[in-house]
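Descriptive analysis of the structure
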Amino acid sequence: MKLVTLLPSATEIVARLGLEKNLVGVSHECDFPETVTSLPKLTSSRINTNLSSGNIHQSVMEVMKSAVSVYDLDIELLKSLQPDFIITQDLCDVCAVSFEQVEKACQEVLGKNTRIISLKPKMLGDIWDDVQNVANQLSVSEKGNEFKTETEARIKVVQTRCENSTARKVLTIEWLDPIYIGGMWLPEMIDIVGGQVCIAKSGQLAPIVKKEDLAKIEPDVVVVKPCGYKLNQTLKELELLREQLPDWENPPRIYLVDGNSYFNRPGPRILDSLEILAYCTHPEFFANFGERYKTSIIELDSTN
């Protein structure tokens, strides 16, 4: 069985199900587990991701006005690989190659034996269902069941420790210029860790807000995890972050988190993201999570 995954979360799902050995091609953004980085890359981006967040946003908007997708799909490579399954998404054309591109490629260069599995998660339950659906279609249903059991256990640990916690207002920032607030499954995650959601709504796209909008709320915790940004990229834009945030009367605790690895990939590591969020919201209850993920979290203070 030959598998192709066209977005990082799909690759992580396949690996979690014990099928990494069946992967024959991945997207250019797939970097976990690290061993998949040596596989053929089927996609490329039309955007220079080394630009500032403002320039990246502007470039994405310009490309989407004139092109089907921000990404290109290597049709010839796909044809040579002849996968049995292609796992892609039908949710966000900024996140990965568009479903229409994949469908067209299958019709033009691949036979009927190639099947497309499309992911479209908006809520946490959708993520868990996607994992099980992939497991079922790839004939490893038991691995999906094992993941479900792990999911329930890890969520229960977080909920139990938060039962008697003080409710804290949690603001998650998904992009810096313009400011996007984490939507989709993020509000649910905030609820699980005993926090109060700021601005965003469950299952809805990340809303764009202005500085004056942020000034109207008084968050206790701010988690900054720009989509696709590793910590070093976010650190380069610290000055911009400070300009974008208002001078709240009661300054919140502000954490920078590796947004490339966590929160924005709807796959198995959403559970890790939940534990990171639990630590950021209630560090007094989750010191072990702080230690576990210490290389992926930076708490800002007056010296940063």
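Everything in this summary refers to the structure shown in the same document. (Residues numbered from 1 in each chain as written. Predicted model: local features only at pLDDT ≥ 70, side-chain atom pairs only at ≥ 80, totals over all residues. Heavy atoms only, no water.)

Bringing the environment of Leu256 into the picture now. With respect to the secondary-structure elements, Leu256 resides in strand β12 (residues 253-257). Residue class for Leu256 comes out buried when judged on its relative accessible area of 0%. Distance in space between the C-alpha atoms of Leu256 and Lys230 is 9.7 Å, their sequence separation being 26 residues. For Leu256, the contacting residues outside a window of four places in its chain are Val224, Leu231, Thr234, Leu235, Leu238, Leu241, Ser296, Ile297, Ile298 and Leu300. (Helix = DSSP H or I, 4+ residues; strand = E, 2+ residues; numbered from the N terminus. Buried < 20%, exposed > 50% of the residue type's maximum accessible area, 1.4 Å probe, protein only. Contact = heavy atoms within 4.5 Å.)

The subject of this paragraph is the environment of Thr151. Counting through the fold element by element, Thr151 comes out in helix α6 (residues 141-161). A relative accessible area of 4% places Thr151 in the buried class. Distance from Thr151 to Ile270, taken between C-alpha atoms, is 9.6 Å for residues 119 residues apart in sequence. When neighbours within four sequence positions are excluded, Thr151 is seen to be in contact with Trp128 and Leu271.

Turning next to the layout of surface pockets. Here the second largest pocket defines a volume of roughly 290 Å³. Along its surface, the second largest pocket is lined by 13 residues, and Arg242, Leu245, Pro251, Pro252 and Ile254 are the ones closest to its centre. Mapped by element, the contributors of at least two residues to the lining of the second largest pocket are α10 (238-244) and β12. A breakdown of the residues in the lining of the second largest pocket according to their chemical character gives eight nonpolar, one polar and four charged. (1 Å grid on protein atoms, 1.4 Å probe; cavity = no way out; pocket = protein on both sides within 12 Å on 5 of 7 lines; lining within 4 Å. Points joined across faces, edges and corners; volume = space filled by probe spheres on them. Nonpolar A, V, L, I, M, F, W, Y, C, P; charged D, E, K, R; others polar.)

Attention shifts here to the packing of aromatic side chains. One pass over the structure, following the stated rule, counts five aromatic pairs. Centroid distance Tyr255 to Tyr279: 6.1 Å. Interplanar angle 65°. Geometry classified as edge-to-face. Taken together, the positions of Tyr255 in strand β12 and Tyr279 in helix α11 (residues 270-281) put the pair 24 residues apart, joining distant regions of the chain. Across the pair, Tyr279 and Tyr255 agree in class, each one buried. The residue whose ring lies beneath Arg269 is Phe32, and the NZ or CZ to ring-centre distance is 3.8 Å. A cation sits over an aromatic face here: Arg269 above Tyr262, 5.5 Å from the ring centre. (Phe/Tyr/Trp six-rings, centres within 6.5 Å; stacked < 30°, edge-to-face > 60°. Lys NZ or Arg CZ within 6 Å of the ring centre and 35° of its normal.)

Attention now goes to the packing of helix α5 (residues 124-137) against α6. One can describe the packing of α5 onto α6 by two numbers: an axis separation of 7 Å at closest approach and a directional angle of 160°. Classified by the angle between their axes, α5 and α6 sit roughly antiparallel to one another. Taken as a pair, α5 and α6 cross one another with a handedness that is right-handed. Contact residues: α5 offers Trp128, Val131, Gln132, Ala135 and Asn136, while α6 offers Ser141, Gly144, Asn145, Phe147, Thr151 and Ile155. Across the contact of α5 with α6, the residue classes break down as five nonpolar, six polar and no charged. (Axes fitted to C-alpha atoms, helices over the stretch in contact; angles between N-to-C directions. Parallel < 35°, antiparallel > 145°, perpendicular 65-115°, else oblique. Left-handed = near helix turned anticlockwise from the far one by under 90°.)

In this section: unusual backbone geometry. Between Phe32 and Pro33 the backbone carries a cis peptide bond, its omega angle lying at -5°. With respect to the element layout, Pro33 can be found in the loop between β2 (23-25) and β3 (43-45). Here the amide bond leading from Asp177 into Pro178 is cis, since omega sits at 5°, within 30 degrees of zero. Turning to its location among the elements, Pro178 is positioned in the loop between β7 (168-176) and β8 (179-181). Notably, Met184 is not glycine yet its phi reads approximately 50°, a positive angle. Looking at where Met184 falls in the secondary structure, it is placed in the loop between β8 and α7 (186-192). Residue Met184 is classed as buried on the basis of its relative accessible area, which comes to 9%.

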